[in-house]
Structures are given as C-alpha cells and as structure tokens.
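# Per-entry structural report
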Amino acid sequence: MFGNIYGHPREGSTYAIFSALARNSYCICDVGAHIGVYTYLAACSSDPKKSSIFSFEPFGDLSAVIKRNVVLNDLQNVLVLDVAVGEKVGRADLYIPESEEYSSLEKEWVEEQRSRARFSVNVCSLDEYLGSDDLPVSDLVKIDVEQYESQVLKGMRKLILDHHPDIIIEFLGKSRRSGLIDKALADWDYNVYYITNEIQKMNADDGRYEHPFYNFLFTKRDVEDLDSIVPLNVSKQ
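These figures come from a predicted structure and were not determined experimentally. (Residues numbered from 1 in each chain as written. Predicted model: local features only at pLDDT ≥ 70, side-chain atom pairs only at ≥ 80, totals over all residues. Heavy atoms only, no water.)

## Some points on helix α2 (residues 37-45)
What counts here: A 1.4 Å probe rolled over the protein chains alone gives each residue an accessible area, and that area as a share of the maximum for its type sets the label: buried under 20%, exposed over 50%, partly exposed in between. Helix numbering and strand numbering both begin at the N terminus, where a helix is a DSSP run of H or I of at least 4 residues and a strand a DSSP run of E of at least 2.
Burial analysis of α2 places eight of its nine residues in the buried class, which makes it a mostly covered element. What α2 keeps buried is the set Val37, Tyr38, Thr39, Tyr40, Leu41, Ala42, Ala43 and Ser45.

Now the structure itself:
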C-alpha cells in the first residue's frame, strides 16, 4: 500500500526495526501517526488475533486517511483516535504548517515552518488512556510529535518505569538537546540506540546526530538480543 517503504532514505531502517519489534508485540501505540505508515506496519507485522494497535493522530484530515486505510485493508485490530498525546488530559492548540507532516503542539517549532492554521484538539496521556483495567499494557511505542516528545514521555512515566516498552522516538532540532537520552539511560534504565543505516548503541549522549537520521530506540534489549531480532547490523558503538 505504501510502496517500497524499507528503501526510504531516511525512515527505511526505522521501518524495518519497528516491523521486527511489532512481530512479538501485543499492544502497539503509534503516537503522531500522520497518514498511518507505522500503524499499517504494526497491523501487518503483529498477530491480528493477539495484538491491539492504537493510532493517535489529532489532525482530522490525516486521521481520516488512516481510518480509510483501516477499512480498505480490513485492519480489525486497529483503533484510530483523533486525539493528541501529551503529559496530561485536556485540550491544546495544534499548529498546522504549510507541510502538514510537521504539525505539532509545539508552537515555536511550527512557527519556524510557517504556521498556516491552528485547531484546538483533545489531549490524553498514555498513562491515563492505557490505565484502564480492560486495556493491555503497551510493549511498543513510536513517537513522532515534532519537538513535543518531552511532554509525551512525561505522560507515560508510569508505563516506562513499570513496564519499559520499546520506544522508537524522533528528535528534531532543539529536542535532540533536551537531555532525554541521558534520562533514558540513567533514570529509566534503558539501552539507547541511534538508528542510521545500522543501529548504534550509545553508552552516553555523545551528541551523535546526523542528517537525515533523527530516530532513536529506547529498549531493555542488549546488543545480542536486538541483533537476533532486527534485519540490520547492530554495533556496540
């Protein structure tokens, strides 16, 4: 449906890692789903009889695309939610730039991209949304929210500390300097990997960051375990 996505020059490696992790995941959250590529990958890779997929996209034009693809492809284990994800439940302004893929709750970021519209949207936190007894514990989370990552992570602190889900997260611009990698390593006891055309383990935040690779993996998996799962080379440095 999305063509040869694994050959994408920026996201291809991340798509491959996400698909590999999704195969053995039971509750997958796509936060900042855009048109639903990761949602679709999750649905295709995981066991539809055992897994649940939650696709969070607050911009109605984009969530409508995901919903249409869910119906067309009969993805019965996918739930699309027209809601943003942040630190706590409430409402916030979603800013839409000329390029809709950079929509964000982070006003300063979108103004740099020439904001053209603003909508008030509902916001939930993953701890609140997944806190219901009848919902499974999330074991794989993808976060792509254009410099709003810190708020999303604050809103899933309990999930992180209690269950340590695998997290694939994009850091753009100033968010790369937010200290969240050191926090993941020191406070949350994660292993952190930088995703390029391979997967590079980081023992500290050494500033590693090169265009066009902006994605990182937070996981409890060590190099050997990860290397046995994903279709890319995993290096210790």
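Okay, back to it.
## Looking at the sheet that holds strand β1 (residues 27-31)
For the record, the criterion: In short, DSSP must find at least two bridges between two strands for them to pair. Residue contacts follow a heavy-atom distance rule, with two residues in contact if any of their heavy atoms lie within 4.5 Å. Between N-to-C directions, angles cover 0 to 180 degrees, with each direction set by a line fitted to C-alpha atoms, over the stretch in contact for helices.
Strand order in the open sheet made by the nine strands is β3-β2-β1-β7-β8-β11-β9-β10-β12, with mixed pairing throughout. Looking at the sheet topology across the chains shown, the edges are occupied by β3 (78-81) and β12 (234-235). Summarising the sheet, β1 and strand β2 (residues 52-56) pair through five bridges and their orientation is parallel. Within the sheet, the bridge partner assigned to Cys29 lies in β2 and is Phe54. Here helix α1 (residues 12-22) sits on the sheet in contact with β1, β7 (140-143), β8 (166-170), β9 (191-195), β10 (199-202) and β11 (215-219), set at roughly 160° to β8. Along the sheet face, helix α3 (residues 60-72) touches β2 and β3 and points at about 160° away from the line of β3.

## Brief notes about unusual backbone geometry
The peptide bond linking His211 to Pro212 adopts the cis configuration, its omega dihedral lying at 5°. Counting through the fold element by element, Pro212 comes out in the loop between β10 and β11. You will see that Glu146, though not glycine, has its phi angle at about 50°, which is positive. Looking at the element boundaries, Glu146 is found in the loop between β7 and α6 (149-154). Overall, Glu146 belongs to the buried group, its relative accessible area being 4%. Phi at Asp189 is positive, roughly 60°, even though this residue is not glycine. Checked against the element boundaries, Asp189 lands in the loop between α8 (180-186) and β9.

## Focus on the pattern of salt bridges
Selection rule: By convention in these notes, a salt bridge is any Lys or Arg side-chain nitrogen within 4 Å of a carboxyl oxygen on Asp or Glu.
Under the criterion given, the structure shown has 14 salt bridges. Among the salt bridges present, the one from Lys220 reaches Asp189, with a minimum N-O distance of 2.7 Å. Of the two residues, Lys220 is situated in the loop between β11 and α9 (223-227) and Asp189 in the loop between α8 and β9; the sequence distance between them amounts to 31 residues. Residue Lys220 is classed as partly exposed on the basis of its relative accessible area, which comes to 42%.

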